[in-house]
Amino acid sequence: MKDYEIVKNAYYDSVTLMSTTVSIKKALNLKDLVMFMGTDMNKDMMESVGLYDKKFDDATPNDLLIGIEMHETIDGWVDQVLDKLSNKTNQNQDQSQTVFKTISQAKQAKDSNIAIISVPGIYAANEAYKALENNMHVMLFSDNVSVEDEIGLKDLAIKKDLLVMGPDCGTAIINGMGLCFANQVSKGHIGLVAASGTGLQEVTVIIDRFGGGISQAIGVGGRDLSEAVGGKMMLKSIDALSEDDETEVIVLISKPPHKSVLDKILTKIKDLNKPVVVCLLDAVVNENIKDVHFVSTLTEAAQKALELGGFKTPDLMTIDKETETLIEKEQLLKVKSQDKIKGLFCGGTLTAETLSVLRGKVHDIISNVAKKKDEIMINPMESHGHNLVDLGDDVFTQGKPHPMIEPMIRLDRIIQEAKNPETSVILLDFELGLGSHEDPVGVTIETIEEALAIAKKDNRHLSFVAYVCGTNKDAQNLEKSEAMLKEHGVIIAKTNAHAALIASKIVGGKL
Amino acid sequence: MSISKLFSETLKVVNVGSPSFKKDFETQGLDYVHLEWKPPASGDLKLLSLLNQIRPYSEQIEKANEEVVSKIKAAEAKLVAVKQAKDVIPNMTSHTILHSGPPIAFDNMVGPMQGAIIGALMYEGLAKDEKEATLLAKSGKITFDSAHHHQAVGPMAGIISASMPVHVLYNEIHGNYSYCTINEGLGKVLRYGANSNEVLDRLKFMETTVMPVLNEAVELAKGIDIKSIITQALHMGDECHNRNKASSALFLREVAGYIVQTSFSDEMKSGTLNFIKNNEHYFLNLSMPYCKLALDSARHTPYSTVVVAMSRNGVDFGIQLAHSDKWFTAPANYVKGLMFPGFTEDDAAPDIGDSAITETCGIGGFAMGGAPAIVQFVGGVVKQAYDYSKEMHEITSGKHQVFTLPPLDFMPTALGIDILKVVETNILPIINTGMAHKKAGVGQVGAGLVNPPMACFEKALEDYAKGVK
């Protein structure tokens with residue numbers, strides 16, 4: 001049975017609501033639970049999941065709306081839910097002593113130099129302006145910020161010689177401190193600018209793994225290299241890194257930028273005093289510029305940067321003997337129907353990189369991150385042929401935490417793919433580090449076992465190929481995570497691109 | 001601040017939004033502050049877009065507001081005369097009646113204000129009884145106007161008629177004047193709408209005894225410094241709106257010697273001394289015109305978003321900004337607080353009077369943290385009074401370094417209410433005020449706290465956004 005409640009003037013941030021929704025649902029054994037602040041967008045969302053009530057009509061964005069579906073009526077469910085919710089927020093409050101309500105207050109009291117903003121998009125620009133007005137740098141984690149605001153913010157920032165990382169910037173490492181979603185990597189002399197969160201994570205992780213280190217890793221947000229924004233922040237950040245004494249090699253990472261923006265970037269890096277590695281994934285750049293190296297995968301970007309920084313790496317884009325043996329063993333166990341790769345990703349750029357690696361190796365591959373018409377996966381909810389699904393896509397995350405925070409949303413899909421007779425390889429990524437789930441591998445292991453069992457019952461052998469993006473300095477620990485997977489027969493790749501190569505090899509793709 | 005500087009210094013984060021990042025800051029030993037963030041403007045997107053619209057003018061606004069605050073702070077105030085309204089207040093005729101709050105027609109006024117006007121017309125000899133006075137008030141022969149339009153203010157009904165004696169304050173720094181009636185005391189008084197013979201007799205006594213004696217005393221004293229008394233009284237437990245015990249005593253101390261030196265009879269002198277002594281709210285009618293004087297000196301500052309008047313006529317609450325003379329009004333709220341024995345909240349009229357000018361100038365409710373003796377109005381918790389005084393800094397452009405609060409380590413009071421901050425933070429100014437009975441002439445029924453309606457600030461913002469260029 002369904003029931004509804006409005007709590008007037010009770011603001012909770014969306015991450016708190018989403019994360020507690022999962023735990024409250026479990027604790028009270030509810031069929032369904034949705035908790036949102038009463039914005040129009042949220043109301044639509046509640047309506048779409050069938051937990052909307054007329055009494056929500058007049059609710060304001062400052063009112064908490066709760067829709068609940070119970071197996072059997074729970075008396076006093078409202079109090080129970082609110083108790084659990086306030087427990088959560090109280091715990092959080094205990095950790096900081098002085099209460100600050102505005103950025104200006106914090107600036108005055110603590111002389112803070114950077115604001116990390118993750119409030120809902122409609123409010124985020126306002127806070128970012130406030131931070132800039134207070135001469136603070138900004139990391140704008142929030143998405144749904146208008147392009148006009150992005151331009152306004154970045155123009156103001158450039159005028160004041162400040163950084164605006166984002167909107168929709170998930171990763172940065174400034175002065176060795178990881179911000180939002182970042183891995184613990186060594187300090188060093190490779191500086192990065194990226195319009196992609198997991199792309200930045202992947203490159204920093206590989207650099208760290210082979211002995212290199214990071215001076216600064218600046219995120220600029222996925223839209224920075226669009227025609228409208230014109231790469232403002234990437235250009236500014238390149239200047240900053242070229243002036244930074246700690247930075248010896250500069251790496252730029254982005255999905256293909258707009259042509260006009262690419263030209264601006266090329267003009268800028270022509271005259272730099274430092275070598276530059278440019279990774280634009282699918283974009284082909286036929287330019288020959290001194291000290292500028294164009295690569296098409298994150299793996300190669302890291303490798304090139306390491307090489308320029310004086311570090312040796314094995315060739316990460318070939319499959320070594322040991323892995324080859326594993327692959328051959330897998331191939332022997334396949335039945336005829338099993339010829340497809342099913343990539344289930346938490347990282348968006350990692351999905352895009354995989355597509356870029358697999359294109360040309362296997363036929364008719366589709367993905368919900370594809371830009372090319374014939375590669376677009378129209379319904380990402382439905383498995384079809386070789387497909388690479390980014391589960392961080394909006395269609396999966398409406399009202400739910402991102403799979404990097406809550407990888408559980410991938411579990412059902414793994415089972416679904418295991419039941420599909422055409423599935424040969426399930427390709428997975430796991431992101432460790434700050435911001436991510438405390439044990440992404442651990443919560444997935446049981447499902448991997450279950451998937452293997454389902455296939456086995458049907459006389460099929462399923463191959464799992466996984467890449468763990470992380471370091472041993474991360475709290476989740478790379479070695480431990482990889483060991484858990486290996487124990488369950490999962491083939492571990494060295495990098496994300498490497499994982500794609502392994503998957504391709506298993507299904508007999510071209511090498 | 002520049003990017004290269006950032007790379008060379010320790011990162012200090014302000015976390016705005018998800019608390020889940022906090023543990024990551026902690027594991028890294030990163031210095032951070034987590035904001036207790038709430039959606040600005042209560043999440044109202046229309047207001048947010050208005051705030052955005054005027055963002056390009058933020059430099060001009062900030063400069064203008066700084067100018068306004070420094071003018072208000074610089075203002076000096078001396079009581080220089082006590083004279084009849086018709087002799088000193090600009091545009092005051094024998095048929096003019098000034099009232100508190102934004103302009104309002106007689107028929108729309110609340111009981112206490114109508115009662116006070118009837119009393120004033122009888123006091124002026126324009127009507128012989130209540131019936132005649134009512135007819136005259138409705139006849140159109142009387143010019144009603146907001147006292148604020150005449151550099152004047154008055155508590156509660158705030159009625160000023162031609163013959164009434166008024167305190168005349170002069171600001172030596174900016175050269176402007178302000179005016180306020182003499183406080184009648186508590187009980188059955190005109191400002192609460194009472195108009196019996198007892199009330200009218202007292203008004204006559206004030207006109208014929210208190211006014212001449214005090215005027216001569218003030219002349220002998222070459223003016224009495226009102227700002228200095230407020231400064232001292234704030235250190236003696238007054239907030240100079242709802243508590244005026246110390247300030248009234250200080251005023252009496254300043255003026256008593258000169259009263260004795262005047263040329264009037266002993267009876268008139270002692271009558272005047274006792275009148276001041278017996279009224280612990282005497283000074284309210286001096287702190288109010290001080291505030292009016294200081295705030296008026298900052299008027300007509302282009303771009304400023306600072307409030308220079310908050311006032312209520314018993315029906316509507318109105319505010320004015322430093323950049324224009326427009327009123328932005330909305331229905332007044334009811335005061336919440338301590339009811340005097342025998343009265344309930346149902347007996348109270350909506351918030352009324354010009355006395356919110358004190359909060360506009362950074363004292364009154366804004367200085368409650370320095371007046372712990374009156375916190376029973378707010379439920380008896382001293383800390384709450386401290387919190388109010390601290391919180392007001394969230395919505396002001398500056399602070400009044402001369403007005404300080406000893407219990408809060410001499411924290412300056414918050415000064416210069418900025419409508420942009422009010423709308424953005426959703427924090428309303430706190431007003432510490434008395435409650436009038438809704439029926440004329442009953443008097444004060446309680447005291448407590450009230451806020452202006454948010455709509456005043458929203459309307460002001462809307463108008464500002466429309467006009468700014």
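For every chain, the first residue of the written sequence is number 1, and numbering continues from 1 along that sequence. To read the labels, note that chains go from A and ligands from 1, taken in the order they are written. Only residues with pLDDT of at least 70 get local features here, since the model is predicted, and only at 80 or more are side-chain atom pairs given and counted; chain-wide, interface and lining totals rely on the full set of residues.

Engineer: Got a minute to help me understand the overall build of chain A in this structure?
Structural biologist: When helices and strands are counted, chain A shows 17 helices and 19 strands. Only C-alpha atoms enter the radius of gyration, while the globule expectation follows 2.2 Å times N to the 0.38, with N the number of residues. For 511 residues, the compact-globule estimate of 2.2 N^0.38 gives 24 Å, and chain A sits close to it at 23 Å. Each principal axis of the C-alpha distribution contributes one length, and for chain A these read about 65 × 60 × 40 Å. Buried positions account for 52% of the 511 residues belonging to chain A. In chain A, the share of contacts with a sequence separation of at least 24, taken over all contacts with a separation of at least 6, comes to 70%. Where helices and strands are cited, they refer to DSSP runs of H or I of at least four residues and of E of at least two residues respectively, numbered from the N terminus. Labels follow a simple rule on C-beta atoms placed from the backbone: if 20 or more others lie within 10 Å of a residue's own, it is buried; if 12 or fewer, it is exposed; otherwise it is partly exposed. Residues are scored as being in contact if the C-beta atoms we place from backbone atoms lie within 7 Å.

Engineer: I'm lost on the sheet that holds strand β11 (residues 307–313) of chain B in this one. Help?
Structural biologist: The pairing of strands in a sheet happens through backbone hydrogen bonds and is either parallel or antiparallel. Residue and element names in this part refer to chain B. Pairing between two strands requires that DSSP report at least two bridges joining them. Pairing is antiparallel in the open sheet, where four strands are placed in the order β13-β12-β11-β15. Edge positions in the sheet fall to β13 (328–331) and β15 (352–353), since each has one partner strand and no second. Each of β12 (316–321) and β13 is contacted by helix α16 (residues 454–467), which is oriented at about 150 degrees to β13, the strand it contacts most. To obtain an axis, a line is fitted to C-alpha atoms, over the contacting stretch when the element is a helix, and the angle between two such axes runs from 0 to 180 degrees between their N-to-C directions.

Engineer: Where do I start with the interface of chain A and chain B in this structure?
Structural biologist: One frequently used descriptor of interface size is the decrease in accessible area upon assembly of the parts. Listed as interface residues are 50 residues of chain A and, on the opposing side, 41 residues of chain B. Elements supplying a minimum of two residues to the side of chain A that touches chain B: α1 (14–27), α4 (103–110), β4 (114–117), α5 (121–133), β8 (177–180) and α8 (232–243) of chain A. For the side of chain A that touches chain B, the class distribution of residues is 23 nonpolar, 18 polar and nine charged. Note that β4 of chain A and strand β1 (residues 12–16) of chain B share four bridges and pair parallel. Residue pairing for β1 of chain B: A115 of chain A is matched across the bridge by V14 of chain B. Only Asp, Glu, Lys and Arg are considered charged in this grouping, and only Ala, Val, Leu, Ile, Met, Phe, Trp, Tyr, Cys and Pro are considered nonpolar; every other residue, Gly among them, is considered polar.

Engineer: Looking at this model, I keep getting lost on the domain arrangement of chain B. Mind explaining?
Structural biologist: What fixes the domain bounds is an automatic or database domain assignment. Partitioning chain B into domains gives domain 1 (1–36), domain 2 (63–71 + 299–467) and domain 3 (77–289). Each of domain 1 of chain B and domain 3 of chain B has a C-alpha centre, and the two are 56 Å apart.

Engineer: What should I look at first to understand the sheet that holds strand β2 (residues 30–37) of chain A in this one?
Structural biologist: Residue and element names in this part refer to chain A. In space, the three strands of this open sheet follow the order β1-β3-β2, with antiparallel pairing throughout. Here the strands that pair on one side only, and so sit at the sheet edges, are β1 (2–7) and β2. Strand after strand, the sheet turns through a mean of 10 degrees between neighbouring axes, direction not considered. Sitting on the sheet, helix α2 (residues 40–48) touches β2 and β3 (64–70), and the angle it makes with β2 is about 165 degrees.

Engineer: Is there a simple way to think about the nonpolar core in this case?
Structural biologist: Looking at soluble globular proteins, one finds that nonpolar side chains tend to be buried together. Formed by 148 residues in total, the largest nonpolar core has its most connected members in V138 and M139 of chain A. At eight residues, the largest contribution of residues to this core is made by α5 of chain A. One finds A41, A116, F275 and C291 of chain B within the second-largest nonpolar core, a separate group that totals 139 residues. Each nonpolar core consists of buried Ala, Val, Leu, Ile, Met, Phe, Trp, Tyr and Cys residues. Their C-beta atoms, within 7 Å, join them into a set.

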